[in-house]
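A structural walkthrough
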Amino acid sequence: MKSMLSPSDRISKARVQLLLNYSPFWGTLALKLKVEPSEVIDTFAVDGTTLFYNADFMATLSDKELITVIAHEVMHCALRHMYRIEGRDMETWNQACDHVVNALLQKSNFEFPKDIVIDGKYASMSAEEVYNILKQQNKQQQQQQQQSVGSGAGGQSQDDDEDEDEEDSDDEEQDGDEDGDDEEQEDDQQSPKQQGQK
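The sections below set out a description of the structure shown in this document. (Residues numbered from 1 in each chain as written. Predicted model: local features only at pLDDT ≥ 70, side-chain atom pairs only at ≥ 80, totals over all residues. Heavy atoms only, no water.)

**Digging into the packing of helix α4 (residues 63-78) against helix α5 (residues 90-106)**
How two helices pack is summed up by the angle between their axes together with the distance between the axes. As a packed pair, α4 and α5 sit with axes 10 Å apart at the nearest point and diverge in direction by 120 degrees. With respect to their mutual orientation, α4 and α5 come out oblique. The two elements α4 and α5 cross, and the hand of that crossing is right-handed. Contact with α4, carried on its side by Thr-68, Ala-71, His-72, Met-75 and His-76, involves Cys-97, Asp-98, Val-101, Asn-102, Leu-104 and Leu-105 of α5 and no other residues of that element. Grouping the constituent residues of the contact of α4 with α5 by class yields six nonpolar, four polar and one charged. (Axes fitted to C-alpha atoms, helices over the stretch in contact; angles between N-to-C directions. Helix = DSSP H or I, 4+ residues; strand = E, 2+ residues; numbered from the N terminus. Parallel < 35°, antiparallel > 145°, perpendicular 65-115°, else oblique. Left-handed = near helix turned anticlockwise from the far one by under 90°. Contact = heavy atoms within 4.5 Å. Nonpolar A, V, L, I, M, F, W, Y, C, P; charged D, E, K, R; others polar.)

**Quick notes on α4**
The end-to-end C-alpha distance of α4 is 22 Å, a good match for the 22 Å that 16 residues give at a rise of 1.5 Å each. With respect to burial, α4 is a largely interior element, 13 of its 16 residues being buried. Once α4 finishes, Arg-80 follows within two positions and takes phi at roughly 55 degrees, a positive value. (Expected span 1.5 Å × (residues − 1). Buried < 20%, exposed > 50% of the residue type's maximum accessible area, 1.4 Å probe, protein only.)

**A closer look at a nonpolar patch on the surface**
Side chains of Val-16, Leu-20 and Leu-31 sit close together on the surface and give an oily, nonpolar patch of about 270 Å² of accessible area. Mapped onto the elements, Leu-31 comes out in helix α2 (residues 24-32). (Patch = residues over 30% accessible without salt bridge, like charges linked within 9 Å, V, L, I, M, F, W, Y side chains within 5 Å. Areas by Shrake-Rupley, 256 points an atom, 1.4 Å probe, with all protein chains shown as cover. Salt bridge = Lys/Arg side-chain N within 4 Å of Asp/Glu carboxyl O.)

**Side note on the pairing of strand β3 (residues 50-53)**
Where strand β1 (residues 34-37) meets β3, four bridges bridge the pair, whose relative direction is parallel. In the strand pairing of β3, Lys-34 is matched with Thr-50. Direction of pairing for strand β2 (residues 44-46) relative to β3: antiparallel, over a ladder of three bridges. Residue pairing in the sheet places Val-46 in a bridge with Leu-51 of β3. What sits between the antiparallel neighbours β2 and β3 is a turn of three residues, in which Gly-48 has the positive phi angle 105 degrees. (Pairing = 2+ DSSP bridges.)

**Quick notes on the side chain of Thr-92**
Mapped onto the secondary structure, Thr-92 falls in helix α5. Owing to a relative accessible area of 9%, Thr-92 belongs among the buried residues under this scheme. Beyond its immediate sequence surroundings of up to four residues, Thr-92 is in contact with Tyr-131, Leu-134, Lys-135 and Asn-138.

**What to know about the nonpolar core**
One finds Leu-18, Phe-44, Ile-70, Leu-105 and Phe-110 to be the most contacted residues of the largest nonpolar core, which totals 24 residues. Sorting elements by how many residues they give to this core places α4 first, with eight residues. In this structure Leu-18 touches Ser-23, Trp-26, Gly-27, Ala-30, Ile-67, Ile-70, Ala-71 and Phe-110, once residues within four positions along its chain are discounted. Ranked by size, the runner-up nonpolar core spans ten residues in total, among them Cys-97, Val-100, Tyr-131 and Leu-134. (Core = buried A, V, L, I, M, F, W, Y, C linked by side-chain atoms within 4.5 Å.)

**Brief notes about the packing of α2 against α4**
α4 packs onto α2 with a crossing angle of 85 degrees between their chain directions and a minimal axis gap of 9 Å. Taken together, α2 and α4 sit at an angle that is classed as roughly perpendicular. Contacts between α2 and α4 pair Phe-25, Trp-26, Leu-29 and Ala-30 from the former with Ile-70, Val-74, Met-75 and Ala-78 from the latter. The residue makeup of the contact of α2 with α4, split by class, is eight nonpolar, no polar and no charged.

**As for the sheet that holds β2**
An order of β1-β3-β2 is seen for the three strands of this open sheet, with the pairing classed as mixed. Since the sheet does not close on itself, it has two edges, and those belong to β1 and β2, each with one partner. Adjacent strand axes in the sheet meet at a mean angle of 20 degrees, parallel and antiparallel pairs treated alike. Lying on the sheet, helix α1 (residues 7-22) is in contact with β1, β2 and β3; it crosses β3 at an angle near 130 degrees.

**Points about the side chain of Glu-65**
With respect to the element layout, Glu-65 can be found in helix α4. With no salt bridge to any partner, buried Glu-65 finds its closest opposite charge in Arg-10, at an N-O distance of 7.3 Å. (Lys, Arg positive; Asp, Glu negative; His and termini not counted.)

Below you can see the structure in the form of structure tokens.
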């Protein structure tokens with residue numbers, strides 16, 4: 001059922017419920033954030049002081065799912081994820097931070113939106129540790145893809161190379177015979193240095 005409240009009112013209500021029904025810690029942090037709508041982002045985001053939201057995305061969330069999303073963003077602030085990136089790849093870093101936060105929230109029985117990937121094995125890891133794991137996984141996937149592409153075209157490519165080598169060899173032999181005839185005819189006119197280079 002679609003809420004009759006405005007997006008800002010829904011967020012205000014969710015922050016109060018987070019404070020009263022879930023965690024005073026998370027609720028207090030959530031209430032300290034400024035709230036601004038944004039069409040630049042697809043879902044929600046934080047920069048450490050402001051909670052940005054996409055109204056279209058928020059319209060797809062239930063009230064409990066909205067509370068979870070706000071708690072998720074608050075945890076990024078509490079763990080200072082935006083300040084710890086230190087030159088790392090932004091996309092992979094965000095994935096690592098999301099894994100850590102979602103694993104922590106799962107322990108507190110939050111109701112997650114659909115299609116959210118949650119892996120409990122990351123619950124005891126730092127974002128930096130998860131980042132290194134994801135980076136290694138991405139590297140292995142790239143190597144596998146390169147090997148797959150190479151093996152898929154390699155057989156035909158190798159046969160073509162062998163055919164070309166044979167053709168080149170025949171051409172060289174034919175050219176060698178012609179050069180030999182020319183050398184015999186021009187032998188008297190060429191210097192020893194030129195002959196040696198040939």
